[in-house]
Amino acid sequence: MIEFLTYDLKVAVLIAVFYLFYRLMLARETFHHVNRLVLLLTAVASYVLPLCVITIHETVTIQRTANVAVGAWQAEAAVEQPAMPLWQIVLPILFIIGVALTLCHTFWSLFRIIRLIKHSEQLPQEDGTIICVTGNAALSPFSWMHYIVMNRSDYETNDATVLAHERGHISLRHSWDLILVDTLTALQWFNPAMWMLRSDLRAIHEYEADAAV
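Below is a summary of the structure that appears in this document.

Cut-off values and rules
Residues numbered from 1 in each chain as written. Predicted model: local features only at pLDDT ≥ 70, side-chain atom pairs only at ≥ 80, totals over all residues. Heavy atoms only, no water. Pairing = 2+ DSSP bridges. Helix = DSSP H or I, 4+ residues; strand = E, 2+ residues; numbered from the N terminus. Axes fitted to C-alpha atoms, helices over the stretch in contact; angles between N-to-C directions. Contact = heavy atoms within 4.5 Å. Buried < 20%, exposed > 50% of the residue type's maximum accessible area, 1.4 Å probe, protein only.

Right, let's talk about the sheet that holds strand β3 (residues 142-144) for a bit. Strands sit in the order β1-β2-β4-β3 across an open sheet of four strands; the sheet is mixed. Two strands in the sheet have a free side with no partner beyond their single neighbour: β1 (121-124) and β3. Between one strand axis and the next, the sheet turns by 25° as a mean value, whatever way the strands run. Two strands pair when backbone bridges link them, and β3 and strand β4 (residues 147-151) are joined in this way by three bridges, in the antiparallel orientation. Residue Ser-143 lies in a different strand from β4, and its bridge partner there is Ile-148. Each of β2 (130-134), β3 and β4 touches helix α6 (residues 160-171); the most contacted strand, β4, lies at about 150° to it.

Assignment of secondary structure puts His-169 in helix α6. The exposure class assigned to His-169 is buried, which follows from its relative accessible area of 9%.

Quick look at unusual backbone geometry now. The phi dihedral of Met-145 is positive, around 55°, even though this residue is not glycine. In this fold, Met-145 is placed in the loop between β3 and β4. Under the relative-accessibility criterion, Met-145 is labelled partly exposed at 23%. Look at Asn-158: it is not a glycine, yet its phi comes out positive at around 55°. One can find Asn-158 in the loop between α5 (152-157) and α6. Given the relative accessible area of 53%, Asn-158 is considered exposed.

Structure (structure tokens):
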């Protein structure tokens, strides 16, 4: 487990470095498709790069030594292993708790969306999307996969701008971005850079959907 935590710490450092580069060089640009791609590559590459190990082969000459006395070998074998430090026990437990809580929040949000869609009035559209009309008057329109969820008042208003915005999310497959980044965020729940990356990606999604309008 300590080896995995070391790997995850390397991932955190890479995410922080790449995200800082993004904020300094690209965040103010209006090339939203490029920014979206950069953030997604930042998240994925940060997990892949620490796994790349460069192996250097070197020839080593081994010299034979005299036989080791049996008594010395037995004395070395009898040495007790030192007790595991407390932090090596506590740290993995805290990490697992953080991952579990983050995943539970993600799954709970996904469950609420699925339940809302399941209990709504579903109206298939010619473009393959499905408008889901709910009775929750306080619900703001949103999209998930190929579903557009809105309350009945918004649906009866038939605002073409709102529908075009949500169809933009669907055509650009923003839901898959969110699934990927939310999953990776669970393993980086302690990393502020990952949460800021996630927030920026959601903002870029809105810019892209607005451009579709």
